[in-house]
Amino acid sequence: AELRVERRFVPESCPRAVRPGDFVRFFYLGAFPDGTRFDSFFGLGPPRGSAGSPPFFRPRVYTFFWGSTFNVFVGKGQFFSGMDQALVGMCVNFFWFVKIPPKLAYGSFFFSGVIPPNAVLLFFVLLIDLWNSEDEVFFQTYFKPEKCPRTVFLSDFIRYHYNGTFFFLTLFDSSHNRMRTYDTYVVFLWLIPGMDQGLLGIFLGEKRIITIPPFLVFLEEGDGKEIPGQASLVFFLVLLDLHNPKDGIIFLNQQVPESCERRTLFLDFLRYHYNGTLLVFLLFDSSYSRNRTYDTYVFFGYVIAGMDEGLLGFFTGEKRRIIIPPHLFFGEEGRGKIPGSAVLVFFIHVVDFHNPSDSVFFTVNYKPSNCTVLSFFGDYLKYHYNASLLFFTLLDSTHSLGKTYNIVLGSGQVVVGMDMGFFYMCVGERRTVVIPFFFGYGEDGVEGEVPGSAVLVFDIELLELVSGLPEGYMFVWNGEVSPNLFEEIVFFHDGEVLLEEFSEYIQAQVDSGKGKLAPGFDFEKIVKNMFTNQDRDGNGKVTAEEFKLKDQEAKEEHDEL
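In this text the structure is predicted, and so the values were computed from the model without any measurement.

Undergrad: Explanation requested: the packing of helix H8 (residues 499-512) against helix H9 (residues 523-534) in the structure shown.
TA: Packing of H8 against H9 leaves a shortest axis separation of 10 Å and a crossing angle of 120°. In terms of their interaxial angle, H8 and H9 are classed as oblique. Regarding H8 and H9, the two cross each other, and that crossing is right-handed. Of the residues in H9, those in contact with Leu499, Phe502, Ser503, Ile506 and Gln507 of H8 are Phe523, Val527, Lys528, Met530 and Phe531. Here the contact of H8 with H9 is composed, by residue class, of 7 nonpolar, 2 polar and 1 charged.

Set out below in structure tokens:
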């Protein structure tokens, strides 16, 4: 005698229940108490795994296939009063059993030749959609990043993924299936009505559910394909990218050294590491994975315009995040792993930089008060050093070896920049020498030790200095030279001098203090070189006619000129 409603399936959540005046779309199956079906707005297939006809009140054993929905306004007399009452309070995805007495159905009337007078009607109802003409676009955020400096505004260009479903969560479209984001400007009339409203204010990386009532989208007709008429649409989307055509490059400093005397300028040469990601931190490239810095000139056109601008103003050792809009990078086409119209983020760490006009630069860290003897070309030096890259990565150290490094200044035993850094230095002095790569190991570097195009930093301490000889000399006399020098050398020989005899004589002069050899060189090599210069006919002997001192050779050459 009374209306009876039983909930056969209730979803976990019900954000909204049916109210009078709502428009609803639902499937139903109508039958009499004996199980005879009189109407249906979904197909009913044969029972699964059962013999005979099961009781109607156990519909779960049937296979359902969906047809057209029954669409009606609730509470406006478009259905008999029992169903109007039963629908109020239902939620989408509710599966209800409704028993309606005759007084709330068709009463004593014989309806359509199907329903007899005073019939009790049974309905199984599955609600799949509801909306009201006063509804607006509704959105719900179910994930939001902790930090986001910007939200979507009108005229922004965005890239997002979405799943499009009905209220009943039946999928009708998905960008994931196409494996490509949906890319669009947020401008009225560019998107389906209501979607532009739902996208405004969304954060990068935010996941949002946008529900759009049908009167804002496809109205009664649907789209003629997947979307039926009067259907509310639900979009599950995640925003992956956004920018505005007016955007420029954005710099976010992450780590700045405490002190730095110089920033990068136009035409500087930089070495830097980077991670390149999309705006949602999807990595597409990294110099770290190649274990090598990226080396380039700034504003020589070697990198894209946006990166050129982004590399200006760096300190050595600075870490910076650079955000580059697509119109300053690869544009709408993209390249490789970079999709079209993608905003790119580079995490940059500048390792070193210099300018082609740079020279060797040094700072004096300590100088003794008594600093009278200064190093010069040809001097023999003993020193300690720590060698590092500009960002303090240690390359080598004599301290770890427990011995000094010894060179003749200007003889090419070290890189040119190191020779330049040692000039006019006194014993006990400490310096920091900065050497551009073209005065160091060049573009190739030293495999496994010094990277190519690297600026080098040497912390040096001069421990010992032996004054060298004038340029071009390997041996000099400390006093007056004997006018009978050749006769002294050949005193015990027959007017000719062999290499062994010449070597013995030079050694004797050095031992007695009468002569001095160039420091830092091998004695035998010096003597052999001196002997070869005197042995003008190359027969392994020096005669009186061949023998000449260096100043005599210079005078003869001058006279000849």
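Anyway, onward from the coordinates.
Undergrad: Teacher, can you tell me more about the layout of surface pockets here?
TA: Where empty space is left can be seen by rolling a probe of water-molecule size over the atoms. Volume-wise, the largest pocket comes out at about 810 Å³. The wall of the largest pocket is formed by 25 residues, among which Glu261, Thr316, Phe361, Leu390 and Val434 lie closest to the centre. Breaking the lining of the largest pocket down by element, the ones donating at least two residues are strand E20 (344-354), strand E21 (361-366), strand E22 (380-389), strand E25 (430-435) and strand E26 (456-466). Tallied by class, residues from the lining of the largest pocket come to 12 nonpolar, 8 polar and 5 charged. Two domains share the lining of the largest pocket, each providing at least three of its residues, namely domain 3 (250-354) and domain 4 (361-466).

Undergrad: Could you clarify how one ought to interpret the environment of Ser400 in this entry?
TA: Along the chain, Ser400 falls in helix H5 (residues 398-401). A residue is classified by how much of its surface remains accessible, and Ser400, at 61% relative accessible area, is exposed. With 14 residues separating them along the chain, Ser400 and Asn386 place their C-alpha atoms 9.3 Å apart.

Undergrad: Can you walk me through the domain arrangement of the chain in this structure?
TA: In many reports, interface size means the accessible area that the parts give up when they come together. With domains assigned, the chain is organised as domain 1 (4-42 + 68-131), domain 2 (138-243), domain 3 (250-354), domain 4 (361-466) and domain 5 (475-554). Here the C-alpha centre of domain 5 lies 63 Å away from the C-alpha centre of domain 3.

Undergrad: Would you mind showing me how to read the nonpolar core here?
TA: Inside soluble globular proteins, nonpolar side chains tend to come together where they are buried. Within the largest apolar cluster, 30 residues are counted, with the highest numbers of intra-cluster contacts made by Val24, Phe26, Met83, Leu121, Phe123 and Val125. Where this core is concerned, the elements lending two or more residues are strand E2 (23-31), strand E6 (70-73), helix H1 (81-87), strand E7 (95-100) and strand E8 (121-131). Residue contributions to this core peak at 5 residues, all from E8. If you look at the next biggest cluster of nonpolar residues, it comprises 27 residues, including Val137, Leu191, Leu239 and Leu242.

Undergrad: Can you help me understand the UniProt feature "transmembrane region" (unreviewed entry) in the chain in this one?
TA: Look at the UniProt record and you will see "transmembrane region" (unreviewed entry) annotated at residues 109-131 and 184-204. Along residues 109-131 the backbone is 0% helical and 48% strand, and the end-to-end C-alpha distance reaches 32 Å. Spanning residues 184-204, this segment combines 24% helix with 10% strand, and its end C-alpha atoms are found 15 Å apart.

Undergrad: What am I meant to see in the environment of Pro15 here?
TA: Looking at where Pro15 falls in the secondary structure, it is placed in the loop between strand E1 (4-9) and E2. We classify Pro15 as exposed; its relative accessible area is 78%. Along the chain, Pro15 and Val92 lie 77 residues apart, while their C-alpha atoms are 9.0 Å from each other.

Undergrad: What exactly am I supposed to notice about the state of the cysteines here?
TA: Simply put, disulfide is the name for a covalent bond between the sulfur atoms of two cysteines. Using the criterion set out here, one finds 2 disulfides in the structure. The partner cysteine of Cys14 in its disulfide is Cys91, sulfur to sulfur 1.4 Å. Taking the sign of the S-S torsion, about -70° here, the bridge from Cys14 to Cys91 comes out left-handed. Highlighted residues: Cys14 in the loop between E1 and E2 and Cys91 in the loop between H1 and E7, separated in sequence by 77 residues. Its relative accessible area of 35% is what places Cys14 among the partly exposed residues. Residue classification places Cys91 among the buried residues on the basis of a relative accessible area of 3%. One disulfide bridge connects Cys371 with Cys426, the sulfur atoms lying 2.1 Å from each other. Here the S-S torsion is close to -115°, and the disulfide linking Cys371 with Cys426 is therefore left-handed. Separated by 55 residues along the polypeptide, Cys371 in the loop between E21 and E22 and Cys426 in the loop between helix H6 (416-422) and E25 bring together distant segments of the chain.

Conventions adopted
Residues numbered from 1 in each chain as written. Predicted model: local features only at pLDDT ≥ 70, side-chain atom pairs only at ≥ 80, totals over all residues. Heavy atoms only, no water. Axes fitted to C-alpha atoms, helices over the stretch in contact; angles between N-to-C directions. Helix = DSSP H or I, 4+ residues; strand = E, 2+ residues; numbered from the N terminus. Parallel < 35°, antiparallel > 145°, perpendicular 65-115°, else oblique. Left-handed = near helix turned anticlockwise from the far one by under 90°. Contact = heavy atoms within 4.5 Å. Nonpolar A, V, L, I, M, F, W, Y, C, P; charged D, E, K, R; others polar. 1 Å grid on protein atoms, 1.4 Å probe; cavity = no way out; pocket = protein on both sides within 12 Å on 5 of 7 lines; lining within 4 Å. Points joined across faces, edges and corners; volume = space filled by probe spheres on them. Domains from an automatic or database assignment. Buried < 20%, exposed > 50% of the residue type's maximum accessible area, 1.4 Å probe, protein only. Core = buried A, V, L, I, M, F, W, Y, C linked by side-chain atoms within 4.5 Å. UniProt positions renumbered as here; feature names shortened; annotations may be inferred. Disulfide = S-S within 2.5 Å.

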